[in-house]
Amino acid sequence: MVDEIFRIIEKETVRQRETLMMIPSENYASRKVLEALGSILQNKYAEGYPGRRYYQGQKFTDKVENLAISRAKKLFNVAHVNVQPYSGSPANAAVYFALLDRNEKIMGLDLSCGGHLTHGYPKITFSGKYFNSVSYQTGKNGLIDYDEIESIALKEKPKLIIAGTTSYSRIVDFARFGQIANKVGAYLLADIAHIVGLIIAGVHLSPVPYADIITTTTHKSLRGPRGAMIMVTKKGLKKDQGLSKKIDRAVFPGLQGGPHENVIAAIAVALGEAGKEKFKKYGRQVVKNASRLADELAGLGFEIVSGGTDNHLMVVDLRNKRIGGKVAAELLEKAGIVVNANSIPHDSNPPLAPSGIRLGTPALTTRGMEEKEMVQIAKWIDIILANPHQAVQIKKAVKELVKNFPIPDFP
Ligand SMILES: *Cc1c(COP(=O)(O)O)cnc(C)c1O
């Protein structure tokens, strides 16, 4: 008898195939990535690092991990890479534990303005509880205000500045962040979890020349397995020659035990795919699609936070449409359009019932959708939010549309 879990997976497979995956942090990993992930590498314990493991039997795990590292080093042109963090949050934790003592100061973007929980959100996250966290916010125009960041940094003297976003639709000026960090003598961490694929494609400024350390997830725009990497730049290593060692020790044994070599193998596969010209084309199309989607929505009277997008996502402020973000997201799901409710900057509503939605194009672009489809989707979103009873009808149309855009080698 088939284990019930496989019936559930089968249903989830259909759900992923028949809906529009528009949560900007989600994507479809390739068959090869999934194969590596589901491989027998998962049976092996490999505590330590290649050539310095605690257990025997590492001939091939060392090869796997070294290949992942060398591909990342080459793709990003960085000095050192750790591919062992279990996911983006533990990667950030490892960086903070590597660089800071308890109650030392970090400075990151406020959650409601587009930062991540791990960037110092107070009270309920390790980053805000264990460390002393100060945040910077976006201005009235929805944009990061670099002058403001500089003045906060001069006053607060953080030991670490975090430049990175989860729901911010504009280019992050890593060069300016670099200047500010230099001026106040702080380390600069660029967290590129969302935009890593765009950086590889050359459609977002790279932090490599400006940051000391870079963290990224591997499952978002990179299209790899759920995992993360920490990279030390040449600049970072020049500033602090012990940086690579500090990072490695913070990951293992500081924070984690055995690395997931099956995940690391899948990261290596994803990095191989991302090194190809085809991936660059993909990244460019992701941005073109998002830009078109934002234009169309704006044309239909939707307020895009900051007025538009330069990257793969947008946050829509729904207050003028008199509908809450959670209600809107639930309605859209009824039509097979899957987005997430999201806070808008300085939201007066709570995070579980925020005033906006966040949507993006990485997964739709993996399916081969282009501007024409974005125009159609924007229209559907407008119709559903104004006339909820139309959701069922549109769900049928969505099902028809996705038939023309099969997910590449999907089960
Ligand atoms: C997604 C994300 C993370 C966390 O990644 P998880 O794998 O969900 O732990 C960290 N930072 C940023 C900017 C992110 O977008």
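Residues numbered from 1 in each chain as written. Predicted model: local features only at pLDDT ≥ 70, side-chain atom pairs only at ≥ 80, totals over all residues. Heavy atoms only, no water.

(A) Representation of the overall build of the chain within the structure. For the chain, the count of helices and strands is 16 helices and 15 strands. In terms of overall dimensions, the chain is globule-like: its C-alpha atoms have a radius of gyration of 21 Å, near the 22 Å expected for 411 residues. Principal-axis analysis of the C-alpha atoms places the extent of the chain at approximately 60 × 60 × 40 Å. Here the chain, with 411 residues, has 56% of them falling under the buried criterion. Counting only contacts in the chain whose residues sit at least 6 apart along the sequence, the fraction spanning at least 24 positions is 73%. Of the charged side chains in the chain, 55 are positive and 40 negative; the average position of the first set lies 3 Å away from that of the second. (Helix = DSSP H or I, 4+ residues; strand = E, 2+ residues; numbered from the N terminus. Rg over C-alpha atoms; globule rule 2.2 N^0.38 Å. Buried < 20%, exposed > 50% of the residue type's maximum accessible area, 1.4 Å probe, protein only. Contact = heavy atoms within 4.5 Å. Lys, Arg positive; Asp, Glu negative; His and termini not counted. Charge placed at Lys NZ, Arg CZ, Asp CG, Glu CD.)

(B) Seen up close, the site of the ligand. Taken together, 14 residues lie around the ligand, and Ser87, Ser89, Thr166, Asp191 and Lys220 are the ones closest in. Note that an oxygen atom of the ligand is positioned 2.7 Å from one of the side-chain N or O atoms of serine 89. Coverage of the ligand by the protein amounts to 86% of the 380 Å² it exposes when considered alone. In terms of residue count, the dominant contributor to the shell around the ligand is helix 4 (residues 88–99) (three residues). When its residues are assigned to classes, the shell around the ligand shows one nonpolar, eleven polar and two charged. (Near = heavy atom within 4 Å. Polar contact = N/O pair within 3.5 Å; in protein donor to acceptor, adjacent residues only side chain to side chain. Areas by Shrake-Rupley, 256 points an atom, 1.4 Å probe, with all protein chains shown as cover. Nonpolar A, V, L, I, M, F, W, Y, C, P; charged D, E, K, R; others polar.)

(C) Here's a closer look at helix 15 (residues 371–386). Taking 1.5 Å of rise per residue, the 16 residues of helix 15 would be expected to cover 22 Å, and the 23 Å separating its terminal C-alpha atoms lies within 8% of that figure. Along helix 15, the residues that are buried comprise Glu373, Met374, Val375, Ile377, Ala378, Trp380, Ile381, Ile384 and Leu385. (Expected span 1.5 Å × (residues − 1).)

(D) Expanded view of unusual backbone geometry. Note that the residue after phenylalanine 252, namely proline 253, is joined by a cis bond; omega there is 5°. The residue proline 253 is located in helix 10 (residues 243–255) in this model. The backbone of asparagine 77 shows a phi angle near 60°, a positive value even though the residue is not glycine. Structurally, the position occupied by asparagine 77 is in the loop between helix 3 (59–76) and strand 4 (80–82). We classify asparagine 77 as partly exposed; its relative accessible area is 46%. A positive phi angle, close to 70°, is found at lysine 123, a residue other than glycine. Relative accessible area serves as the criterion here: at 72%, lysine 123 is assigned to the exposed category.

(E) Seen up close, the domain arrangement of the chain. Entries for the chain in the domain assignment read domain 1 (31–274) and domain 2 (278–403). Its C-alpha centre places domain 1 at a distance of 28 Å from the equivalent point of domain 2. Between domain 1 and domain 2 the total buried area reaches about 2,100 Å² when both faces are included, carbon and sulfur atoms providing 57% of it. Three residues, Ser169, Arg170 and Arg223, lead the burial of domain 1 against domain 2; their summed loss comes to 28% of the area buried on that side. Inspection of the domain 1/domain 2 interface yields one salt bridge. The residue aspartate 310 makes a salt bridge to arginine 170 at a minimum N-O spacing of 2.9 Å. Take the side of domain 1 that touches domain 2: its biggest share by element is four residues, from helix 8 (residues 196–201). (Domains from an automatic or database assignment. Buried area = accessible area lost by both parts, 1.4 Å probe. Salt bridge = Lys/Arg side-chain N within 4 Å of Asp/Glu carboxyl O.)

(F) Molecular detail of the packing of helix 4 against helix 10. Relative to each other, helix 4 and helix 10 sit at 120°, their axes nearing to 8 Å. The orientation of helix 4 relative to helix 10 falls into the category oblique. Along this stretch, helix 4 crosses helix 10, giving a crossing that reads as right-handed. Facing Pro90, Ala93, Ala94, Val95, Phe97, Ala98 and Leu99 of helix 4, the residues of helix 10 in contact are Leu243, Lys246, Ile247, Ala250, Val251 and Leu255. (Axes fitted to C-alpha atoms, helices over the stretch in contact; angles between N-to-C directions. Parallel < 35°, antiparallel > 145°, perpendicular 65-115°, else oblique. Left-handed = near helix turned anticlockwise from the far one by under 90°.)

(G) Inspection of the pattern of salt bridges at higher detail. Across all of its chains, the model carries 19 salt bridges by this definition. Here glutamate 18 and lysine 399 are joined by a salt bridge, their closest N and O atoms 3.8 Å apart. Residue glutamate 18 is found in helix 1 (residues 4–18), and its partner lysine 399 is found in helix 16 (residues 391–403); the two are separated by 381 residues along the sequence. As a salt-bridge pair, lysine 155 and glutamate 156 come within 3.8 Å of each other at their nearest N and O atoms.

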